[in-house]
Amino acid sequence: MTWYHSPRARDWTGPEVSGAAHAFHRSLLGYAPTPLVPLPALAAELGVAQVWVKDESSRLGLPAFKVLGASWACSQVLRQRPGVGLVTATEGNHGRAVARVAADLGVGATVFVPGVVSEATAARITGEGADVVRVDGNYDTAVRRAAEFAERSDRALVQDTAWDGYEQVPAWIVEGYQTLVREVDAQLAAPPDLVVVPVGVGSLAEAVVRHYRRPGTAHPGVLAVEPDTAACLLTSLSTGRPVTVPTGTTVMAGLNCGTVSGSAWPVLRAGCDLAVAVSDAEALRAVDDLERLGVSSGPSGAASLAGARRVDLAPDAVVVLLSTEGRTR
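1. A few points about the sheet that holds strand β3 (residues 50-55)
Next, step 1: Taking strand neighbours across the sheet as the criterion, the seven strands line up as β1-β10-β9-β8-β11-β3-β2 in an open arrangement whose pairing is mixed. The open sheet has two edge strands with one neighbour each: β1 (3-5) and β2 (36-38). Across the sheet, the axes of successive neighbouring strands diverge by a mean angle of 20 degrees, strand direction being ignored.
Next, step 2: Direction of pairing for strand β8 (residues 194-198) relative to strand β11 (residues 318-323): parallel, over a ladder of three bridges. The residue of β11 that forms the bridge with Leu194 is Val319.
Next, step 3: Sheet strands touched by helix α7 (residues 168-187): β2, β3 and β11. Its angle to β3, the strand with the most contacts, is close to 140 degrees.
Next, step 4: Sitting on the sheet, helix α12 (residues 299-308) touches β8, β9 (221-227), β10 (274-278) and β11, and the angle it makes with β11 is about 150 degrees.

2. Some remarks on the packing of helix α9 (residues 232-239) against helix α10 (residues 264-271)
Next, step 1: At a minimum axis separation of 11 Å, α9 and α10 run at an interaxial angle of 60 degrees. Taken together, the axes of α9 and α10 are oblique relative to one another. Remark: the crossing between α9 and α10 carries right-handed chirality. Between α9, through Leu233, Ser236 and Leu237, and α10, the contact on the second element is made entirely by Trp265, Leu268 and Arg269.
Next, step 2: Among the residues making up the contact of α9 with α10, the classes are represented as four nonpolar, one polar and one charged.

3. Quick look at the state of the cysteines
A disulfide bridge is the covalent bond that connects two cysteines by way of their sulfur atoms.
Next, step 1: Considering all chains together, one arrives at zero disulfides under this definition.
Next, step 2: Here Cys272 is not disulfide-linked; the sulfur of Cys232 is the nearest cysteine sulfur, at 12 Å.
Next, step 3: For Cys272, a relative accessible area of 0% puts it in the buried group.

4. Focus: the sheet that holds strand β4 (residues 86-89)
Next, step 1: The four strands lie next to each other as β6-β5-β4-β7, forming an open sheet whose pairing is parallel. Single-partner strands in this sheet number two, and they are β6 (131-135) and β7 (156-157).
Next, step 2: For β4 and β7, the ladder comprises two bridges, and the chain directions are parallel. By the bridge assignment for β7, Leu86 is matched with Ala156.

5. Concerning unusual backbone geometry
Next, step 1: In this model, Leu60 sits at a positive phi of 50 degrees, which is unusual for a non-glycine residue.
Next, step 2: Structurally, the position occupied by Leu60 is in the loop between β3 and α3 (67-80).
Next, step 3: Given a relative accessible area of 21%, Leu60 falls into the partly exposed group.

Thresholds applied
Once a new chain begins, its residue numbering starts again from 1 and follows that chain's sequence as written. Local features are withheld for residues below a pLDDT of 70 in this predicted model, meaning they are given only at 70 or higher, and side-chain atom pairs are given and counted only at 80 or more; totals for whole chains, interfaces and linings count all residues. Side-chain descriptors were evaluated using all non-hydrogen atoms of the structure, hydrogens and water having been removed beforehand. One requirement defines pairing of two strands: DSSP has to find at least two bridges between them. Numbering of helices and strands runs from the N terminus, with a helix taken as a DSSP run of H or I at least four residues long and a strand as a DSSP run of E at least two residues long. An axis is simply a line fitted to the C-alpha atoms; with a helix, the fit covers only the stretch in contact. Between two such axes, the angle follows the N-to-C directions and lies from 0 to 180 degrees. What makes two residues a contact is simply this: any of their non-hydrogen atoms within 4.5 Å. Angles below 35 degrees are treated as roughly parallel, those above 145 as roughly antiparallel, those between 65 and 115 as roughly perpendicular, and all remaining angles as oblique. Here a crossing is taken to be left-handed if its near helix is turned anticlockwise relative to the far helix by less than a right angle, and right-handed if that turn runs clockwise. Residue type decides the class: Asp, Glu, Lys and Arg count as charged, Ala, Val, Leu, Ile, Met, Phe, Trp, Tyr, Cys and Pro as nonpolar, and the leftover types, Gly among them, as polar. Here, two cysteine sulfur atoms that lie within 2.5 Å of each other are counted as a disulfide. For the exposure calls, accessible area comes from a 1.4 Å probe over protein chains only, and a residue counts as buried if that area is under 20% of its type's maximum, exposed if over 50%, partly exposed in between.

Right, here's the structure in full:
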């Protein structure tokens, strides 16, 4: 399967969404909305009215959006358990964000990474002051190991995926991601027609769908984009139930996840219009094309452009591409 479409998704209306995380982020030293960049050259290529790229290459001092969820969730965890050590698993950006927030708040962090994570990525996490534990297995294995370690050592797990019995912290992370789309609303004169979001476990996509399916608001289309080697959401949507898929290696390292978050699944099943899987070659082409247009984006972030290139769009459409990370050299 390389494509999914739900014609009823825009009709779904979810609950109102809290603005507490957005208010928290605005109170942080160094907070500023990330740029929403118009790219008329891409609009001409795609045959649409406008293309905007939400550039998350610099967010609160880190090169990815993940710190939005990590900062809000960690602050809530530490409010309940002052001084507790933090634990997480990551393909890269989430773990680095948790490590940075932990250091800022004066607590320790232990970050589990799967075997495919590069030494450079692991070094960036240790550079934030965290202990890195490399796991012989994939991302799902690293998540299990992190959860086991947190329970055994009486530390707090701050994971960006949910499962039965572990829902509150991932919900805080999704709330944190809401800041990104609230900024998009403030930066655009009118709601977009399509928002394109890269998907790993689906927590950012959950935040996007929750935001754009609120009652009494416009319901633009939402296109989810995954690597063709780790398309857990596309496979689940096509099958009609959550499916864990095997994963290998991909340049879209932040999207290399085999299982959809338990909290994201019902939201995306109900409210996500489109899903597509793209190849490494398509993602790398998008990285280079965005760079030529002045936007720094890694393969996971540039996947949104690769996915948009797979879609037939109306000539008057306004398209927002979420570029979730900067390019790392």
